Number of protein chains: 2
Amino acid sequence: MIQNRASVVSIVFHSNDGSLIIQNPHLKSLSSDNLYHLALGTESHDLPVLFGDVKFVCVGGTNQRMKSFAQYMANQLNIEFDNKDWTKASHRYSMFKVGPVLSVTHGMGISSLSILLHELIKLVYYAKCKNVVFMRIGTCGGIGVEQGTVVITEKAVDGLLRPFSELYILGKVVRRPSICDQELVSELKFIAAEDMVDIPTASGTTLCALDFYESQARLDGAFCDITAQEKVDYLNQLKAAGVVNIEMEAITFASMCRSAGISGAIICVALLNRLNGDQIASTKEYLDELQTRPQMLAAKFIRKRLAEYKTQK
Amino acid sequence: MIQNRASVVSIVFHSNDGSLIIQNPHLKSLSSDNLYHLALGTESHDLPVLFGDVKFVCVGGTNQRMKSFAQYMANQLNIEFDNKDWTKASHRYSMFKVGPVLSVTHGMGISSLSILLHELIKLVYYAKCKNVVFMRIGTCGGIGVEQGTVVITEKAVDGLLRPFSELYILGKVVRRPSICDQELVSELKFIAAEDMVDIPTASGTTLCALDFYESQARLDGAFCDITAQEKVDYLNQLKAAGVVNIEMEAITFASMCRSAGISGAIICVALLNRLNGDQIASTKEYLDELQTRPQMLAAKFIRKRLAEYKTQK
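Procedures and definitions
Here, residues in each chain are numbered from 1, in the same order as that chain's written sequence. Both sets of labels track the order of writing: A upward for chains, 1 upward for ligands. Per-residue local features of the predicted model are confined to residues with pLDDT of at least 70, and side-chain atom pairs are confined, for both listing and counting, to 80 or more; whole-chain, interface and lining totals are unaffected and use all residues. The basis for every side-chain value is the complete set of heavy atoms in the structure, and neither hydrogens nor water enter the calculation. UniProt positions are given in the numbering used here, feature names are shortened, and annotations may be inferred rather than shown by experiment. Any pair of Phe, Tyr and Trp rings, taking the six-membered ring for Trp, is counted once the centres come within 6.5 Å. Such a pair is stacked with planes under 30 degrees apart, edge-to-face with planes over 60 apart, and tilted for the rest. Secondary structure elements follow DSSP: runs of H or I of four or more residues count as helices, runs of E of two or more count as strands, with numbering from the N terminus. Think of it in three bands: with a 1.4 Å probe and only protein chains considered, a residue is buried below 20% of the maximum accessible area for its type, exposed above 50%, and partly exposed in between. Geometrically, a charge over a ring is one whose NZ (Lys) or CZ (Arg) sits within 6 Å of the ring centre while staying within 35 degrees of the ring normal. By this rule the span expected of a helix is its residue count minus one, scaled by 1.5 Å. It is the directions from the helix axis to the C-beta atoms that the arc portrays. By the convention used here, residues are in contact when the closest approach between their heavy atoms is within 4.5 Å. For the domain bounds, the source is a domain assignment made automatically or taken from a database. Simply put, the buried area is the total loss of 1.4 Å probe accessible area from both parts when two parts are fitted together. Every case where a carboxyl oxygen of Asp or Glu lies within 4 Å of a side-chain nitrogen of Lys or Arg is listed as a salt bridge. Note on residue classes: Ala, Val, Leu, Ile, Met, Phe, Trp, Tyr, Cys and Pro are nonpolar, Asp, Glu, Lys and Arg are charged, and everything else, Gly too, is polar. The method works on a 1 Å grid over the protein atoms by themselves. A cavity is a set of points holding a 1.4 Å probe that cannot get out, a pocket is an open set with protein on both sides within 12 Å along at least five of seven lines, and residues with an atom within 4 Å of a point line them. Grid points are joined across faces, edges and corners, and a volume is the space filled by probe spheres set on the points. To define axes, lines are fitted to C-alpha atoms, for helices over the stretch in contact only, and angles between the resulting N-to-C directions are given on a 0 to 180 degree scale. Small angles under 35 degrees read as roughly parallel and large ones over 145 as roughly antiparallel, with 65 to 115 read as roughly perpendicular and the rest as oblique. Working rule for handedness: look at the near helix, and if it is turned counterclockwise from the far one by less than a right angle, call the crossing left-handed; if clockwise, right-handed.

An unreviewed UniProt entry annotates chain A as Nucleoside phosphorylase domain-containing protein of Medioppia subpectinata. The annotation that UniProt attaches to chain A under Sequence similarities (unreviewed entry) is "Belongs to the PNP/UDP phosphorylase family."

*Asks:* Looking at this structure, how should I read the packing of aromatic side chains?
*Replies:* Each pair of aromatic rings is reported with the distance of its centres and the angle of its planes. All names here are of chain B. A full pass over the atoms with the stated rule returns ten aromatic pairs over all chains. Plain terms: the ring middles of F51 and W86 are 5.1 Å apart, the flat faces sit at 65 degrees to each other, and that makes the pair edge-to-face. With a gap of 35 residues between them, F51 in helix α1 (residues 47-51) and W86 in the loop between α2 (63-77) and β4 (95-98) connect regions that are remote in the sequence. Exposure class is identical for F51 and W86. Each is buried. Taking the centre distance of 6.1 Å and the plane angle of 85 degrees together, the rings of F56 and F301 count as edge-to-face. Of the two residues, F56 is situated in strand β3 (residues 56-60) and F301 in helix α8 (residues 292-312); the sequence distance between them amounts to 245 residues. Positioned above the aromatic ring of W86, the side-chain terminus of K84 is 4.4 Å from the ring centre. In this structure, R218 is placed above the aromatic ring of F212, and the distance from its NZ or CZ to the ring centre is 3.8 Å.

*Asks:* How should I be thinking about helix α5 (residues 228-240) of chain A in this particular structure?
*Replies:* Residues and elements named next belong to chain A. Relative to the 18 Å expected for 13 residues at 1.5 Å per residue, α5 spans 19 Å between its end C-alpha atoms, a close match to the ideal helical length. Those residues of α5 that sit buried are K231, Y234, L235 and L238. End-on, the buried residues of α5 take up no more than an arc of 95 degrees, which puts them together on one face. Away from its buried face, by an angle of more than 90 degrees, α5 presents the exposed residues Q229, Q237 and A240. Contact partners of the buried residues in α5: β10 (201-208) and β11 (243-247). Following α5 by one or two positions, G242 has its phi on the positive side, about 95 degrees.

*Asks:* I would appreciate a short explanation of the domain arrangement of chain A in the present structure.
*Replies:* Note on interface size: it is often stated as the accessible area lost on association of the parts. All names here are of chain A. Looking at the assigned domains, one finds that chain A contains domain 1 (31-130) and domain 2 (138-313). Once you take the C-alpha centre of each, domain 1 and domain 2 turn out to be 22 Å apart. Taken together, the contacts link 24 residues of domain 1 with 25 residues of domain 2. Interface area, domain 1 with domain 2, both sides summed: about 2000 Å², of which 73% is carbon and sulfur. Per-residue buried area on domain 1 facing domain 2 is highest for F56, R65 and I110; these three make up 30% of the total on that side. Scanning the region where domain 1 abuts domain 2 turns up zero salt bridges. When residues in the side of domain 1 that touches domain 2 are grouped by element, the largest group, eight residues, is from helix α2 (residues 63-77). Partitioned by chemical class, the residues of the side of domain 1 that touches domain 2 number 14 nonpolar, eight polar and two charged.

*Asks:* Would you explain empty space enclosed by the protein in this entry?
*Replies:* A probe as big as a water molecule, rolled over the atoms, marks out the empty space that is left. Under the counting rule described, the total for this entry stands at nine cavities of 30 Å³ or more. For the largest cavity, the lining is made up of 47 residues, of which A:I110, A:L210, B:I110, B:E166 and B:L210 are closest to its centre. Residues of the lining of the largest cavity, tallied by class, amount to 21 nonpolar, 14 polar and twelve charged.

*Asks:* Honestly, the packing of α2(A) against helix α8 (residues 292-312) of chain A in this entry has me stumped. Any pointers?
*Replies:* The geometry of a pair of packed helices is captured by two quantities: the angle between their axes and the separation between those axes. Residue and element names in this part refer to chain A. Look at α2 against α8: their axes get within 11 Å of each other, and the N-to-C directions meet at 40 degrees. It follows from the interaxial angle that α2 and α8 lie oblique. For the pair α2 and α8, the crossing hand works out as right-handed. Where α2 abuts α8, its residues R65, S68, F69, Y72, M73, Q76 and L77 lie against Q295, M296, A298, A299, I302, R303 and L306. Partitioned by chemical class, the residues of the contact of α2 with α8 number nine nonpolar, three polar and two charged.

Okay, here's the thing in structure tokens:
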């Protein structure tokens, strides 16, 4: 197996000023780097000028959600929202910038997220951003937590309950731990407990599934080979194993942040409690309202950090 | 291991009239089915009236590409293009309808495609479409084929060169063959040879990678633990094993079509020859032009089939 960077404690991830040390020696020999899926590049854009002040990179599934998060952050930070989509020309993702906050769509699933994170990590590196935190703010199915609960991921596991991502590189299996930054998890739990008393919150293990239907033991996909009882038994087994929610990106988000030496957190709202059913049947308006809950927690964290930076100056 | 439907020859996939028999007994007990990521449903929409005439379901990565394909098909079939995005309310995918052709975005990667295919297969079933063919028209990196080559997939393999998709269902590994419909492959090869003489075409094995960078042995991701020589050796090994291209959706597309009993084909244009480099550096205009090549082949096939149906009547 290839050397697993994330488990090597001697690696230095940051310079003294908090800027990222990139873990790819080949980048130095590129005359320019085209971040293809972002439609940004080191030659076409002055990345340090455009993005050097970024401190928080927030990612989520849909354009609608990440645009509304950008608008919300503009309001929270008293910054005018310019509505500019920085990655529009790529036709892949959308990216909005509000002062020190980037709000970016990642699409659905580990592969779509992976492309984005590779290019965002390179962006943060080329732009010489300092002490950057990454957050995924998303939606999930709850396991034993009620609809509307905000779930903070402690570690992500795959469908075999293994706490690592698995990639095939040069025809070999490469595994990387998918444990979140526990200090950041504690900080978010503290803020949620202190400052979001009316909203149910939970933390624990997140199962990252490869699909929405069969891997999540849903009975309503185009195929299904399991019985209703097998589904219930399985979801109860997950609950007993400490799984609090299921989504489709956590394992890649956690392992890539860790491999890059970036502090990362995953905050998702449960759109339903899977122990009660499979279909997401609430009104669109109510589901849209629920999706603002992880945004609220992220915003409270960002404002707290920014206030701390101000005090330190 | 759970019974693998795709390898059971006795399963009946179609009624006498060519409509699909869905491989999920639970759907019968649903009072209504909400195709959540399409923003369509059996209660909210009269699916047989709206989509019953669909014969070709074409999917591809980006909104831009699938909208331009829909416009192209409208022109080819002499139908007015109405520009209506049927899944707009989902904020996930885009879907355009041009007579018997659906043109739908799938985002990037196996998970995003999987959600779409589950819901498209259910759509085709509820709408009572007959003799439907699914096609993925996309982009890829070529292995030993030049930029601009149109590649038809014969079988899809994963990063360990295994010809099956792998899902974790109820905590167990489930594998499903990812071989394409060989008759359809032959038909497309014939059309390409007869009717697209100026455009290079190839067919063979498609490697479906989990990410764009490390799994594809690129040296320009945010991390890289391999040397330039290891990359070259690996890509040459792939070529020797019959791999003609690398993309990120084929294994799920092929195995889901097969599991559903749907004839499916994958047609991708090579945006670069990976034996020559990693970065996609051509002009956007030229890359956009290349992306029309799989569309041309799909359109020729669709027109041929429609002419055959007309003759049969």
